[in-house]
Amino acid sequence: MIGLSRVKIYFKGYASRNIQKNFDDYMSYLFHEKVNELFRGTEFEDFRFFTFSGFRIENRIINFIVSSVSDEFIRMLVSAFVMGESIIFNNCKLEIVKAEFLPRPILKNGEASFITASPIFLADCLVMDNLGDILEDLLIQNFCDYFNRQRGDLHCEFYSRHDHYGTYSEESETFRNYYYNIDIVMKGSPELIAFAYDVGLGNSNNQGFGMLDIY
């Protein structure tokens, strides 16, 4: 049986016809805070092995996708909103109107083409020609943390068919924050590729960064 790794959530209750410039950033912050609130005191308190896409508005319905390596986390999250939890955004009470569970694709051949559904974020680092190495180290560390195992022979590599599209804000003379919206090909251990699809790449995935879609 193929497990679930994603759910597409639809919220009703958005009243304004005007979309503010920082809508996506604000919604990402509110959703991240809501998740922290919902799971406080549970086995998923401070859980970070999930990510989510940007937020879209269609006919005043807000929709986005949440992805996680844990099926139980996904189900508990949806259940909380179905049972009446909501998010307050600009004096609008956002309540769930629909949830679509999405099956986890089979990723077994050691290669997958992805495109970012939310920007890959790299914090306080210096990226020159080593973007792939940085992504590999972060992904393997997250994988080992989640499954409580050693790195062993885990490996992966990344390349893009196009130039990297990134912006950064300078933190110091040496370190910067980078944001990438790119298509990227990943080769390596099938289990790592599946984990990257479930949890995302880069830093701060549970704040809505680094989510990947099949390209």
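Here is a short report on the structure shown in this document.

Parameters at a glance
Residues numbered from 1 in each chain as written. Predicted model: local features only at pLDDT ≥ 70, side-chain atom pairs only at ≥ 80, totals over all residues. Heavy atoms only, no water. Salt bridge = Lys/Arg side-chain N within 4 Å of Asp/Glu carboxyl O. Helix = DSSP H or I, 4+ residues; strand = E, 2+ residues; numbered from the N terminus. Buried < 20%, exposed > 50% of the residue type's maximum accessible area, 1.4 Å probe, protein only. Pairing = 2+ DSSP bridges. Polar contact = N/O pair within 3.5 Å; in protein donor to acceptor, adjacent residues only side chain to side chain. Contact = heavy atoms within 4.5 Å. Phe/Tyr/Trp six-rings, centres within 6.5 Å; stacked < 30°, edge-to-face > 60°. Lys NZ or Arg CZ within 6 Å of the ring centre and 35° of its normal.

Within the structure shown, the criterion is met by 11 salt bridges. As a salt-bridge pair, Arg6 and Asp213 come within 2.8 Å of each other at their nearest N and O atoms. Separated by 207 residues along the polypeptide, Arg6 in strand β1 (residues 4-12) and Asp213 in strand β13 (residues 212-214) bring together distant segments of the chain. The class of Asp213 is partly exposed, set by a relative accessible area of 28%. Among the salt bridges present, the one from Arg151 reaches Glu136, with a minimum N-O distance of 3.8 Å. Of this pair, Arg151 sits in the loop between α3 (131-147) and β9 (156-159) while Glu136 sits in helix α3, and the two are 15 residues apart along the sequence. Overall, the relative accessible area of 13% leaves Glu136 in the buried class.

In this section: the pairing of strand β7 (residues 111-116). In the sheet, β7 pairs with strand β12 (residues 183-188) via 5 bridges, with the strands oriented antiparallel. Bridge pairing links Ser113 to Val185 in β12. Relative to β13, β7 runs antiparallel, the two being bridged by 3 bridges. Within the sheet, the bridge partner assigned to Ile115 lies in β13 and is Asp213.

Positionally, Thr51 belongs in strand β2 (residues 50-52). Among the residues examined, Thr51 registers a relative accessible area of 0% and is labelled buried. A polar contact is formed between the side chain of Thr51 and the backbone oxygen of Asn205, at a distance of 3.0 Å. Beyond its immediate stretch of four places on either side in the chain, Thr51 contacts Ile65, Val66, Ser67, Ser118, Asp198, Val199, Gly200, Asn205, Gly208, Phe209, Gly210 and Met211.

This brings us to the packing of aromatic side chains. Taken as a whole, this structure holds 30 aromatic pairs when the rule is applied. Aromatic pair Tyr146 and Phe147: ring centres 4.8 Å apart, planes at 90°, arrangement edge-to-face. On the basis of relative accessibility, which here comes to 41%, the residue Phe147 falls in the partly exposed class. The rings of Phe39, Phe44, Phe47, Phe49, Phe50, Phe73, Phe143, Tyr146, Phe147 and Phe195 are connected pair by pair, giving a single aromatic cluster. The side chain of Arg6 reaches across the aromatic face of Tyr197, ending 3.7 Å from its centre.

Of note, Asn90 is a non-glycine position whose phi angle comes to about 50°, a positive value. Of note, Asn90 is situated in the loop between β5 (87-89) and β6 (92-103). The backbone phi angle of Asn148 is positive, close to 55°, even though this residue is not glycine. One can find Asn148 in the loop between α3 and β9. Under the relative-accessibility criterion, Asn148 is labelled exposed at 71%.

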